[in-house]
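Commentary on secondary and tertiary structure
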Amino acid sequence: MHLLDTITMASVTAEDIKCELDTFNIAFNNDTVDKLLEQCLCHRLGGEEIVCEWFAFSSSREQLPLTLENLDQFEHEILNKKKKPKGSSKGIQFNKTRDINSIQELIRAEEEEESLLDSYSTPAKGSQKRALTTPEHPQSKRGVARLASPSLLLSPASFSSSATPSQKYGMRSGRGEVVSSFGAVQGPRWTGKGWSAVRVELLEEGENSLISSYKYMFQRLRDVRDVLTEKIEELGEELRSHFNIEEFSPVSLPVQDSITVLGQVCCDSNGKLNAQSVLLEAGQEQGGRLVPVNLSELKEFSLFPGQVVVMEGMNPSGEKFVATKLYEGIPLPFYCPSEPVMVMMACGPYTPSESLTYDPLIDLITIINKDRPDVCILFGPFVDSKHEQIEKNQVTETFENIFKRCVDSIVEGTKGSGCRLVFVPSQRDVHHHYIYPQPPFSLTNLSKDDSARVTLAPDPCTLLIGNVTFGLTSTDIVFHMGAEEISSGTGTERFSRIMKHMLTQRSYYPLHPPAEEVNMDYDKFQQFGQMNLTPDILIVPSELRYFIKDVIGCVCVNPGRLTKGQVGGTYGRLLIQPNPVLVEGKRVSPCIAGQVVKI
């Protein structure tokens, strides 16, 4: 990036953006202005240019209002796809470049200095290298730095001949700032026990757990149909029993009286679902017909393609069902936990978009060593298929080697903290199987001690962490459902509705048909993509804005991504109480507190 570009971007202010928005008569608030200012910095745009881009985007979608959610969609669909200007990477050089050699020299000098001082002191009985750490006496930064193995830290020059540190990432503001909170705001100490004995295991073991790769790219349409039909029948039976419904009638049955029908929501074309394009596809026992649905009599609704619903209404002609009542889905029972844990979570990419430098990952390793969480869940992508240098194959090592060194750095760099590590793959991991459900990574080079604290999980999965259930998926179901869901515009907030749909549909990916980027294997999806119980915590990293909230008793977290374009992103952390309790017959969430924090 040229120095002139840096000065130009720095000159854009919130007042400039407000003036431009006023020019186009666009309603705004301080949050949306701050978001536009952040996008100016990320995408090298001036205030007038980004407002013009937004106005064009909004106009093409029937005057879309300026909200944080719509700005995330705008960035994903428009800004991220714009051709980036060619700028010189030699303009500004930072003295704090994290090169492997300079890091080694600094740490070697510190160790020699400490060894010299130790030679003049009397060693205490049973002295150890690892200092005792308490919240009142935190471990020194120098001690934390020594926990990481410098020989395994990621060297930018190793991966790309043109790799230079990201200037935007180095210039980021708000480091460590808490941007979203849940539960107890005052009081909790965000530090784990270190060297925790907490158990981490897949909830389903043996044949019920996806623990290795499998053959895919061969599935018959008949098998896909069977999977979808079974889903309709299973959820339908649960709803029939819960709401005391005698029986379901065929949706195409021409009757003048009110009937209750069961089916799956579909769209009448390949376009986006709207209130006029809703079809209800009945199960095989109800005739398997597709019938248009009139939603005008419903006061409130929230629907998406693939949703299994029960509706009450009439179909006088047999050609169109007029819905008068929509039955809500019901979540599964919870699993009762018993041990407390502190859990940290982060989602890739772990490099800025314009450079294959892993500075954000190194910063995360430092935070893990400082806070010493009991468990750290790391979602892919680790080697991002959407990274420009990966797409153009501008790397000097194989994708597998880059991934191996990345994981080795995490495992070795956090060894001193005793933190349990969970690795969850992503379909954006260029070296891994491009299929959903996705098998776990295969790491054959781990030592026995490292294997004991590393869990390789599939996407999606349900984990038991200290007997607390965690539902995990790296696939961006929030963004995919957000683009397809329709609602009456009243009631709950958008993210809460999407999370409720996941829980009541009892599926990690209830959308059908899936987004184009999701390569679905329906046979394995039926086995490994369903929820067998309602998790205590549901973690769903997304391109959309971070959040943490309670949805029908489940704490749902979108920690965001560790990097967002050229700047730093966010990660999440949770404190879990030992045992859930019942208050007036209702189960209290085991989550004491949660935060989303800027890296």
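Residues numbered from 1 in each chain as written. Predicted model: local features only at pLDDT ≥ 70, side-chain atom pairs only at ≥ 80, totals over all residues. Heavy atoms only, no water.

**Thoughts on the sheet that holds strand β7 (residues 308-315)**
Taken in spatial order, the five strands close into a barrel running β3-β4-β5-β8-β7, and their pairing is mixed. For this sheet, the mean inter-axis angle between neighbouring strands, taken without regard to orientation, is 55°. Sheet analysis places strand β5 (residues 290-294) next to strand β8 (residues 321-327), joined by two bridges and oriented parallel. The residue bridging Asn-294 from the neighbouring strand is Val-322, located in β8. (Pairing = 2+ DSSP bridges. Helix = DSSP H or I, 4+ residues; strand = E, 2+ residues; numbered from the N terminus. Axes fitted to C-alpha atoms, helices over the stretch in contact; angles between N-to-C directions.)

**Notes on the pattern of salt bridges**
Pairing of side chains with opposite charge becomes possible as their charged atoms draw close. This structure, assessed with the given rule, holds 23 salt bridges. A salt bridge links Glu-281 to Arg-225; the shortest N-O distance between them is 2.6 Å. You can see Glu-281 sitting in strand β4 (residues 278-282) and its partner Arg-225 sitting in helix α10 (residues 221-242), a full 56 residues away along the chain. Among the residues examined, Glu-281 registers a relative accessible area of 14% and is labelled buried. Where Glu-238 meets Arg-506, a salt bridge forms, and the shortest distance between an N and an O atom there is 3.9 Å. Placement of Glu-238 in helix α10 and of Arg-506 in the loop between α16 (494-505) and α17 (522-528) is noted, with a sequence separation of 268 residues between them. (Salt bridge = Lys/Arg side-chain N within 4 Å of Asp/Glu carboxyl O. Buried < 20%, exposed > 50% of the residue type's maximum accessible area, 1.4 Å probe, protein only.)

**Looking at the pairing of strand β18 (residues 554-558)**
Across the five residues of β18, five count as buried, placing the element largely inside the fold. Burial along β18 is two-sided: Cys-554, Cys-556 and Asn-558 facing one way and Val-555 and Val-557 facing the other are all buried. Relative to β18, strand β16 (residues 537-539) is paired through three bridges, and the arrangement is parallel. Looking at the pairing, Ile-539 lines up with Val-557 of β18. As paired elements, strand β17 (residues 547-551) and β18 share five bridges and run antiparallel to each other. Within β18, the position partnered with Ile-548 by the bridge is Val-557. Once β17 ends, the chain turns through two residues before running back antiparallel as β18, passing Ile-552 with a positive phi of about 40°.

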